[in-house]
Amino acid sequence: MKKNTMIKIAASAAALILMSTSASAGYTMKKKVGDVDTKLTFFGFAQLEMVGGDGMKIKEAGSVEKADSDVAFRAQRIRLGWKYVAGKVRGKVFLDFNQDATGASDHTDGDSIPKLVKDAFIAYQADDAFTIKLGLIKMPHGMGFTMPGWNLDIAERGLDKSLVLERNTGLMFSGRDMFLGNNGKVDGFEMGHERPWKGFGYDVMIANQASRSAALKRDTTVLPGGTSSGSIEFGGNSYAVRGMFDYTEAFHIEASYAISQNAGGYNAVDGATTAADGFNEDYTSINVGIDSNLGALSLKAEYTTGNNIQGVRDYNEKVATATAAYFVTPTLELVAKHIQANAEGKYLNTHSTDLGNTYLGFNYFISSPYQDFSRKAKRGRNQHKVVFNYILASGNGATEVAADKWTGLGGYRDDAFIVQYQFKF
């Protein structure tokens with residue numbers, strides 16, 4: 001289906017649903033099918049931006065953000081989705097019209113779902129302690145990554161996102177709010193720690209190769225040095241397991257481990273070429289995160305490791321993040337986030353580089369009806385907000401000198417700024 005056709009279908013669906021009922025978290029239609037109450041919720045958001053600074057020209061992850069103009073304009077996310085509930089059955093589809101509609105990646109591992117589709121899964125929620133999901137889902141790895149893109153402290157995800165396994169097609173088992181009583185709403189759609197609970201939670205997932213992750217190799221036709229790999233096929237799966245503990249909004253801690261096999265993209269089953277030795281290792285990653293909402297003040301810390309990046313043996317990266325946000329008034333929040341990264345071993349050498357990105361700025365919430373600073377109120381404020389971030393680059397990798405520049409994934413190697421307007425329904 002062509003991208004323009006999909007946009008027309010989504011727009012028509014939006015018009016029908018918006019004529020239905022009042023808005024809370026999206027717009028909802030309810031219908032009784034036999035003895036089962038069903039509910040369909042339509043939701044979406046968009047992030048429109050003005051960007052500038054030299055850092056936008058040399059951002060490592062993805063394509064060049066802007067040409068030689070002083071400022072450029074873009075959309076970071078343009079998303080529409082719907083959730084369906086029928087008794088214990090759930091379903092979700094989430095689309096991003098700012099993404100490619102032709103294919104998920106350059107890989108040939110069977111993941112043919114286009115990047116335009118962000119989530120597409122069905123689920124069965126037996127109870128709070130056991131939900132099973134099947135389809136395209138965020139892998140349960142990375143505290144910051146598994147929070148929604150419209151609920152971020154800064155305008156974008158930082159360079160640590162490159163180390164997680166991203167979204168993937170597979171099977172996941174989850175539970176929340178366990179062992180200390182029923183303290184919060186669990187609806188079966190959870191991907192992170194969306195609500196305040198008291199108790200433990202878990203996720204376990206098996207999936208295809210993590211082909212959307214930057215930590216896996218994207219071009220499998222040529223090895224470093226120009227040698228042909230002899231194969232562009234994939235073999236193996238990816239796995240992730242996560243445990244967490246919450247005690248109201250004041251404290252959340254989680255830890256996860258993830259692995260994606262044959263991260264270099266060479267077919268180990270049929271026999272990789274000798275030249276591929278050391279370039280087709282399994283990628284592994286560990287993530288630990290802490291999140292505390294203390295009224296007007298919120299604090300977060302996260303640590304992520306990536307080992308055998310893109311299948312290169314001992315090509316490793318470590319990223320630590322620290323975030324502090326404080327509401328000066330109910331409509332103005334000051335935010336500071338520092339990301340410190342170290343990478344070594346690219347192309348089997350011992351070269352080590354460091355890169356720091358510091359985001360300084362504020363979130364201004366427009367037409368906010370909330371006066372308290374609970375997590376629920378903070379999520380509600382995000383319906384209409386303006387975000388400003390100035391990004392400072394530091395470390396020996398923040399250079400254009402080829403011998404020294406940053407060898408890790410993602411990040412800005414020079415200063416930049418982002419002004420973003422977000423609306424959500």
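Here the structure is a predicted model, which means the values were calculated and not measured.

Basis of the calculations
Residues numbered from 1 in each chain as written. Predicted model: local features only at pLDDT ≥ 70, side-chain atom pairs only at ≥ 80, totals over all residues. Heavy atoms only, no water. Helix = DSSP H or I, 4+ residues; strand = E, 2+ residues; numbered from the N terminus. Buried < 20%, exposed > 50% of the residue type's maximum accessible area, 1.4 Å probe, protein only. Areas by Shrake-Rupley, 256 points an atom, 1.4 Å probe, with all protein chains shown as cover. Patch = residues over 30% accessible without salt bridge, like charges linked within 9 Å, V, L, I, M, F, W, Y side chains within 5 Å. Salt bridge = Lys/Arg side-chain N within 4 Å of Asp/Glu carboxyl O. Lys, Arg positive; Asp, Glu negative; His and termini not counted. Charge placed at Lys NZ, Arg CZ, Asp CG, Glu CD. Pairing = 2+ DSSP bridges. Contact = heavy atoms within 4.5 Å. Core = buried A, V, L, I, M, F, W, Y, C linked by side-chain atoms within 4.5 Å. Phe/Tyr/Trp six-rings, centres within 6.5 Å; stacked < 30°, edge-to-face > 60°. Lys NZ or Arg CZ within 6 Å of the ring centre and 35° of its normal.

1. Details of the overall build of the protein
Moving on, step 1. Each helix and strand in the protein was counted, giving two helices and 18 strands.
Moving on, step 2. Burial status across the protein gives 50% buried among its 425 residues.
Moving on, step 3. Accessible area of the protein: about 18000 Å², with a carbon and sulfur share of 60%.

2. Overview of a positive patch on the surface
Moving on, step 1. Taken together, the side chains of Lys30, Lys39, Lys185 and Lys376 present a region of like positive charge at the surface.
Moving on, step 2. As for its position among the elements, Lys39 is in strand S3 (residues 36-52).
Moving on, step 3. Its relative accessible area of 31% is what places Lys39 among the partly exposed residues.

3. Structural notes on the pairing of strand S11 (residues 251-260)
Moving on, step 1. Across nine bridges, the pairing between strand S10 (residues 238-247) and S11 is antiparallel. Residue pairing for S11: Arg242 is matched across the bridge by Ser256.
Moving on, step 2. Adjacent in sequence and paired antiparallel, S10 and S11 are bridged by three residues, among which Thr248 carries a positive phi angle near 55 degrees.
Moving on, step 3. Judged from the nine bridges that link them, S11 and strand S12 (residues 283-294) form a sheet pairing that is antiparallel. Bridged to Ala255 within S12 is Val288.

4. A few points about the pairing of strand S13 (residues 297-307)
Moving on, step 1. The pairing of S12 with S13 spans eleven bridges and is classified as antiparallel. Looking across to S13, one finds that Thr284 is bridged to Asn307.
Moving on, step 2. Between S12 and S13, which pair antiparallel and follow one another directly, the connecting turn spans two residues, one of which, Gly295, has a positive phi of 75 degrees.

5. Details of the pattern of salt bridges
Moving on, step 1. Counted by the stated rule, this structure contains 14 salt bridges.
Moving on, step 2. A salt bridge links Asp96 to Arg79; its shortest N-O distance comes to 2.9 Å. Within this pair, whereas Asp96 is found in strand S5 (residues 89-96), its partner Arg79 is found in strand S4 (residues 71-86), the two being separated by 17 residues in sequence. Taken individually, Asp96 and Arg79 each receive the classification buried, so the pair is uniform in this respect.

6. Observations regarding a nonpolar patch on the surface
Moving on, step 1. Nonpolar side chains collect at one region of the surface, where Leu294, Leu297, Leu299, Tyr326, Val328, Leu334, Phe362 and Tyr364 lie side by side and expose about 690 Å² of accessible area between them.
Moving on, step 2. Within the residue set of the nonpolar patch, elements represented by two or more residues are S13, strand S14 (316-329) and strand S16 (352-365).
Moving on, step 3. Summarising the element assignment, Tyr364 is placed in strand S16.
Moving on, step 4. When its relative accessible area of 38% is taken as the criterion, Tyr364 is described as partly exposed.

7. Re the environment of Ala377
Moving on, step 1. Tracing the backbone through its elements, the reader meets Ala377 in helix H2 (residues 375-381).
Moving on, step 2. The class for Ala377 is buried, based on a relative accessible area of 2%.
Moving on, step 3. C-alpha of Ala377 to C-alpha of Pro330: the two residues are 47 residues apart in sequence and 9.9 Å apart in space.
Moving on, step 4. With near-sequence residues (within four places) excluded, Ala377 lies in contact with Tyr370 and Asp372.

8. Section: the nonpolar core
Moving on, step 1. Ranked by internal contacts, the top residues of the largest apolar core, which has 44 residues, are Tyr283, Tyr412 and Ile418.
Moving on, step 2. Taken together, the elements giving at least two residues each to this core come down to S4, strand S6 (117-127), strand S9 (198-207), S14, strand S15 (332-344), S16, strand S17 (384-394) and strand S18 (416-424).
Moving on, step 3. Take this core: its biggest share by element is four residues, from S15.
Moving on, step 4. By size, the runner-up hydrophobic cluster in this structure holds eight residues, among which are Leu80, Leu116, Val117 and Phe425.

9. Some remarks on the packing of aromatic side chains
Moving on, step 1. Taken as a whole and judged by the stated rule, the model has twelve aromatic pairs.
Moving on, step 2. Members of the aromatic cluster, joined through ring pairs, are Tyr27, Phe42 and Phe425.
Moving on, step 3. Above the ring of Phe327, the side-chain terminus of Arg381 is found at 4.9 Å from the ring centroid.

10. A short note on the environment of Tyr247
Moving on, step 1. Structurally, Tyr247 is set in strand S10.
Moving on, step 2. Taking the relative accessible area as the measure of exposure, Tyr247 reaches 43% and is therefore partly exposed.
Moving on, step 3. Put simply, Tyr247 and Gly199 are 48 residues apart on the chain and 6.5 Å apart in space, counted from C-alpha to C-alpha.
Moving on, step 4. In this structure, Tyr247 is in contact with Trp197 and Lys198, ignoring residues within four places of it in sequence.

The values are spatial; any link to function lies outside them.
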